[in-house]
Amino acid sequence: RICRELPRTIDMLALAMRAGLDFPNALSQVTGRMQDSSPLKRELSHMLYELTLGHTRASALANLARRAPASAVRQFSAAVIQSERQGTPLARVLEVQGSVLRTRRSQAAEQAAARAAVLILGPLMLIFACVFTILLGPFVIKWLRGELF
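Criteria and thresholds
Residues numbered from 1 in each chain as written. Predicted model: local features only at pLDDT ≥ 70, side-chain atom pairs only at ≥ 80, totals over all residues. Heavy atoms only, no water. Helix = DSSP H or I, 4+ residues; strand = E, 2+ residues; numbered from the N terminus. Rg over C-alpha atoms; globule rule 2.2 N^0.38 Å. Buried < 20%, exposed > 50% of the residue type's maximum accessible area, 1.4 Å probe, protein only. Contact = heavy atoms within 4.5 Å. Areas by Shrake-Rupley, 256 points an atom, 1.4 Å probe, with all protein chains shown as cover. Axes fitted to C-alpha atoms, helices over the stretch in contact; angles between N-to-C directions. Parallel < 35°, antiparallel > 145°, perpendicular 65-115°, else oblique. Left-handed = near helix turned anticlockwise from the far one by under 90°. Salt bridge = Lys/Arg side-chain N within 4 Å of Asp/Glu carboxyl O. Expected span 1.5 Å × (residues − 1). Bend = angle between axes of the 7 residues up to and from the residue. Core = buried A, V, L, I, M, F, W, Y, C linked by side-chain atoms within 4.5 Å.

Q: An account of the overall build of the chain is requested, with residue identities and associated values reported.
A: Helices and strands together make up the secondary structure of the chain, namely seven helices and zero strands. Secondary structure of the chain in N-to-C order comes out as α-α-α-α-α-α-α. Against the 2.2 N^0.38 benchmark of 15 Å for 149 residues, the chain shows a C-alpha radius of gyration of 27 Å, more extended than a compact globule. When the backbone C-alpha atoms are referred to their principal axes, the chain occupies close to 90 × 30 × 25 Å. In the chain, buried positions account for 32% of the 149 residues. A separation threshold of at least 6 residues defines the contact pool for the chain, and within that pool the share at least 24 residues apart is 49%. Of the roughly 9800 Å² of accessible surface on the chain, a fraction of 62% belongs to carbon and sulfur atoms.

Q: Provide a residue-level description of the packing of helix α5 (residues 71–86) against helix α6 (residues 90–119), including the pertinent values.
A: Running from amino to carboxyl end, α5 crosses α6 at an angle of 160°, the nearest separation of the two axes being 10 Å. Classified by the angle their axes make, α5 and α6 are roughly antiparallel. Crossing angle aside, the handedness with which α5 passes α6 is right-handed. For the pair formed by α5 and α6, the contact residues are A72, Q75, F76, A79, V80 and S83 on the first element and L90, V93, L94, Q97, L101 and R104 on the second.

Q: Residues and numbers for the pattern of salt bridges, please.
A: Pairs can form between side chains of opposite charge whenever their charged atoms are close. Enumeration according to the criterion identifies eight salt bridges in this entry. A salt bridge links R1 to E5; its shortest N-O distance comes to 3.6 Å. Residue class for E5 comes out buried when judged on its relative accessible area of 12%. Each of R18, R92 and E95 takes part in a single network of salt bridges with overlapping partners.

Q: Can you explain α6? Please cite residues and give values.
A: Between the first and last C-alpha of α6 there are 43 Å, a value that for 30 residues agrees with the 44 Å anticipated at 1.5 Å per step. Among all positions of α6, only L90, A91, V93, L94, Q97, G98 and L101 are buried. Packed against the buried residues of α6 are α1 (2–18), α2 (23–32), α4 (57–67) and α5.

Q: Which residues make up the environment of H55, and what values do they have?
A: Inspection of the secondary structure assignment puts H55 in the loop between α3 (39–53) and α4. Judged by its relative accessible area of 38%, H55 is partly exposed. For the pair H55 and L94, spaced 39 residues apart in the sequence, the C-alpha separation amounts to 21 Å.

Q: Break down helix α7 (residues 121–145) for me, citing the residues and quoting the values.
A: For α7, spanning 25 residues, the distance from its first C-alpha to its last is 35 Å, which sits close to the expected 36 Å at 1.5 Å a residue. The principal kink in α7, of about 45°, is found at L136, preceding the proline P138 by one to four residues. Immediately downstream of α7, the backbone of G146 shows phi near 80°, a positive value.

Q: Tell me what's going on with the nonpolar core, and back it up with residues and numbers.
A: In terms of nonpolar packing, the biggest core is built from 31 residues, with L6, L13, F23, L27, M47, F76 and L94 touching the most fellow members. Elements that contribute at least two residues to this core include exactly α1, α2, α3, α4, α5 and α6. The element contributing the most residues to this core is α1, with seven residues. Setting aside residues up to four positions removed in sequence, M47 forms contacts with F23, L27, A60, L61, L64 and R67.

Function cannot be inferred from these measures alone, as they are strictly geometric.
Right, here's the structure in full:
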């Protein structure tokens, strides 16, 4: 669920930051609008709590990547940490990161659909063989008995 919710959440973070909020306030706004049952909300709220305790953004993001060991979360954390180190605008980095995650998710869906098409081929051939046998079976039996002509 975290990987499914992360691209939309990153987009909302980028939008809030473009509107003028800093990262912790944007994070607070986004988590406040998420569903309570969301595991991503719990993790981001925990990260926000660490930030309010005085942890650096890099350590809070590293802890987030450690708690939620998904590749999308690790990439998000690494991108934000790298943006902070290089001094690039974080809102732009978040927009790019959200776009990349959405693209990867759609590619994974396309690959799953392609695999499903190949996997359905076996049962389809079995059904075709059964229908073929049912339709042509009586003709073969009559031909073997010599009653066809």
